[in-house]
Amino acid sequence: MLRKPRTCLTTATMALTLTLAAPLPVNATEDYGLPNLTGSSQAITGEEFRLGRAWLRQFRARTPAWQDPLAQEYVESLVSRLLPHSGLTDTSTVVALVDNRALNAFAVPGGVIGVNAGLFAFASEEDAVASVLAHELGHLSQRHYSRGQARAEQTQLPAMAAMLAGMLIAASGGGDAGIAAAMGSQAAFVQDQLAYSRRFEQEADRLGLLTMAQAGFDPDAMVRMFRAMQRQVSLQGGNPPEFLLTHPLTESRISDAESRASQLAPRRPREEDDPSYHLVRARALLAVNQRDPQQAATRLAQDDAPAVARRYLDALIAARQGQTDSALSQLDRLAQELPDLAIMPVSAAEVAFDAGRYDEAIERSRRLLRLMPGHMPATRILGEALLQRDPNEAYRVLSELANRRPEDPQVFTLLAEAAGRSGREAWGHLARAEQMQLTGDIQRAIRQLDVARQVAERSGDTNALARIEQRREDFVGYRETMEKF
């Protein structure tokens with residue numbers, strides 16, 4: 001199911017934010033040194049949502065996705081655990097996983113949360129990753145983009161779309177040069193804003209610490225993460241991780257976080273024996289060390305990862321080396337030892353699928369789905385395996401999944417194939433159009449809709465025609481928004 005990732009590109013995206021919701025109650029923000037925004041709070045606007053989602057499509061067109069359903073579900077669940085405590089309401093977040101070994105994460109308008117595989121490779125504990133996500137949610141909750149944009153307008157700088165376009169230049173692999181090109185004549189403005197942006201970082205830290213504690217994570221993990229980044233800068237001769245290029249880290253910022261973290265304790269300490277993070281981290285390490293999987297195993301051992309994570313990684317490596325029976329036996333033993341973790345049986349179904357054992361992949365996926373109806377990774381593997389055996393059933397399964405995940409381009413890729421194989425030609429073109437628009441190719445997507453309409457007219461499929469006309473109107477709106485970039 002998982003394809004070998006392409007060579008990683010450099011992503012140096014600015015952490016832009018938007019008005020997603022009302023911030024924390026007044027007493028919570030005042031007690032923790034955050035500005036009182038209650039009087040000016042508002043829900044996400046339609047324009048912000050449209051620009052943010054248009055940015056995401058452009059980003060997908062230029063950067064390789066980390067296509068791992070199990071990691072995707074894990075990060076989405078982690079964000080869901082933090083969100084209720086972040087001060088955000090009326091949210092509609094989308095998690096974008098990036099196939100990039102660099103340590104980076106970002107938040108942009110429209111509720112887009114981006115995470116590099118390299119973040120997992122760097123962080124040896126779940127709470128450290130939670131601290132980065134909580135920090136990004138803090139940017140969103142404190143409306144830093146809206147506040148920064150208001151100041152930018154005072155200097156007559158380009159509007160949000162132009163700033164997002166600059167982010168794309170950097171994210172497409174330009175590194176420092178990309179940032180310089182993106183900013184251009186804005187260099188003086190950046191210098192003027194340096195202290196201002198550092199204040200935003202401190203605000204996001206403070207709210208992130210509160211969010212972590214209330215969600216049951218260890219606030220001290222944020223400080224440990226900062227110290228680890230500092231050590232990396234020292235080891236690399238002053239060359240900071242990409243996260244720090246857009247999130248300035250100073251000793252005073254670390255000291256402030258350390259002081260405030262010492263005053264907090266997790267509201268509900270979590271179970272310490274859940275290895276889920278370490279299992280997903282094993283997958284991330286394998287993704288960023290695809291050419292030498294043994295490096296992933298070495299890193300887990302160096303970080304003293306739980307034995308179960310090392311055994312799990314060994315099974316995944318064995319599967320990649322064609323030792324399917326050995327990998328499945330190991331995964332089945334792990335599943336018996338840890339019956340509450342869906343990642344083991346899903347991984348076994350994935351291994352069976354990748355080995356061409358489609359009937360076994362179907363049986364294993366269905367067995368899990370009887371216990372966990374709707375489980376996304378199992379449903380996706382089931383749909384892909386059914387493509388080889390029963391395209392009609394594959395179409396049904398993938399249609400339901402696409403309805404639940406309308407922002408997932410990989411699901412629409414599979415749905416288009418299922419529609420084509422099951423004789424639903426018009427719907428196949430429609431699904432392909434959806435995949436194209438989700439990955440930034442809006443012109444081809446519209447042309448694909450036109451083909452779908454011609455096919456539907458010839459076949460007399462009135463249901464498809466109605467849906468195609470509706471989506472064409474939507475796509476034209478998407479094109480108008482994307483033209484701002």
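Computed from a predicted structure; not experimentally measured.

Thresholds, definitions, all that
Residues numbered from 1 in each chain as written. Predicted model: local features only at pLDDT ≥ 70, side-chain atom pairs only at ≥ 80, totals over all residues. Heavy atoms only, no water. Core = buried A, V, L, I, M, F, W, Y, C linked by side-chain atoms within 4.5 Å. Buried < 20%, exposed > 50% of the residue type's maximum accessible area, 1.4 Å probe, protein only. Helix = DSSP H or I, 4+ residues; strand = E, 2+ residues; numbered from the N terminus. Contact = heavy atoms within 4.5 Å. pLDDT = per-residue confidence, 0-100. Axes fitted to C-alpha atoms, helices over the stretch in contact; angles between N-to-C directions. Left-handed = near helix turned anticlockwise from the far one by under 90°. Nonpolar A, V, L, I, M, F, W, Y, C, P; charged D, E, K, R; others polar. Pairing = 2+ DSSP bridges. Arc of directions from axis to C-beta. Salt bridge = Lys/Arg side-chain N within 4 Å of Asp/Glu carboxyl O.

Enquirer: Break down the nonpolar core for me, citing the residues and quoting the values.
Expert: The biggest cluster of nonpolar side chains holds 109 residues, and the ones touching the most others in it are Phe-120, Met-225 and Tyr-312. Among the elements that take part in this core, helix α12 (residues 276-288) stands out by supplying 9 residues, more than any other. Excluding anything up to four places from it in sequence, Phe-120 contacts Trp-66, Tyr-74, Val-75, Val-115, Val-129, Tyr-277, Val-280, Arg-281 and Ala-284. Judged by nonpolar contacts, the second largest core, of 16 residues, contains Ala-433, Ile-446, Ala-452 and Ala-456.

Enquirer: A description of the confidence of the model for the chain should follow, citing residues and the corresponding values.
Expert: Per-chain confidence: the chain averages 81 in pLDDT, with 77% of residues scoring 70 or above. This stretch, residues 152-159, has a pLDDT under 50; its non-local contacts, to residues over four places away or in other chains, come to 10 contacts.

Enquirer: Give a description of the environment of Ala-213 that names residues and reports values.
Expert: Its location among the elements puts Ala-213 in helix α8 (residues 187-215). Not counting the four nearest positions on each side in its chain, Ala-213 is found in contact with Pro-219, Leu-264, Ala-265, Pro-266 and Arg-267.

Enquirer: Tell me about the packing of helix α3 (residues 69-82) against helix α5 (residues 126-141), and name the residues and values.
Expert: Closest axis-to-axis distance for the α3/α5 pair is 10 Å, and the angle between their directions is 60°. The crossing of α3 and α5 is right-handed. Two secondary-structure elements touch here, α3 through Tyr-74, Leu-78, Val-79, Arg-81 and Leu-82 and α5 through Glu-126, Val-129, Ala-130, Leu-133, Ala-134 and Leu-137. Of the residues in the contact of α3 with α5, the class split is 9 nonpolar, no polar and 2 charged.

Enquirer: Outline the sheet that holds strand β2 (residues 105-108), supporting the account with residue identities and numerical values.
Expert: Strand order in this open sheet of 3 strands is β1-β3-β2, and the pairing throughout is mixed. Because the sheet does not close on itself, it has two edges, and the strands there are β1 (94-98) and β2. Averaged over all pairs of adjacent strands, the angle between their axes in this sheet comes to 20°, without regard to strand direction. Relative to strand β3 (residues 112-116), β1 is paired through 5 bridges, and the arrangement is parallel. Residue pairing across strands places Val-98 opposite Asn-116, the latter belonging to β3. In the packing of α3 onto the sheet, the strands contacted are β1 and β3, and the crossing angle to β1 comes to about 135°. Docked against the sheet, α5 engages β2 and β3, running at close to 20° with respect to β2.

Enquirer: Go over unusual backbone geometry, please, and point to the residues and values.
Expert: Non-glycine residue Asp-304 carries a positive phi angle of around 55°. Assignment of secondary structure puts Asp-304 in the loop between α13 (293-302) and α14 (307-320).

Enquirer: Got a sec to walk through helix α11 (residues 251-261)? Specific residues and values, please.
Expert: Residues of α11 that are buried include every one of Arg-253, Ile-254, Asp-256, Ala-257, Arg-260 and Ala-261, and no others. One face of α11 carries all of its buried residues, which in axial projection span an arc of 160°.

Enquirer: Summarise the pattern of salt bridges; cite the residues concerned and give the values.
Expert: Using the criterion set out here, one finds 34 salt bridges in the structure. The salt bridge involving Arg-357 is made with Glu-360; its shortest N-O contact spans 3.5 Å. Relative accessible area serves as the criterion here: at 29%, Arg-357 is assigned to the partly exposed category. Glu-360 sits in the partly exposed class, given a relative accessible area of 23%. As a salt-bridge pair, Asp-450 and Arg-472 come within 2.8 Å of each other at their nearest N and O atoms. With a gap of 22 residues between them, Asp-450 in helix α22 (residues 442-459) and Arg-472 in helix α23 (residues 462-482) connect regions that are remote in the sequence. The class for Asp-450 is buried, based on a relative accessible area of 19%. Looking at Arg-472, the relative accessible area reads 25%, which means it is partly exposed.

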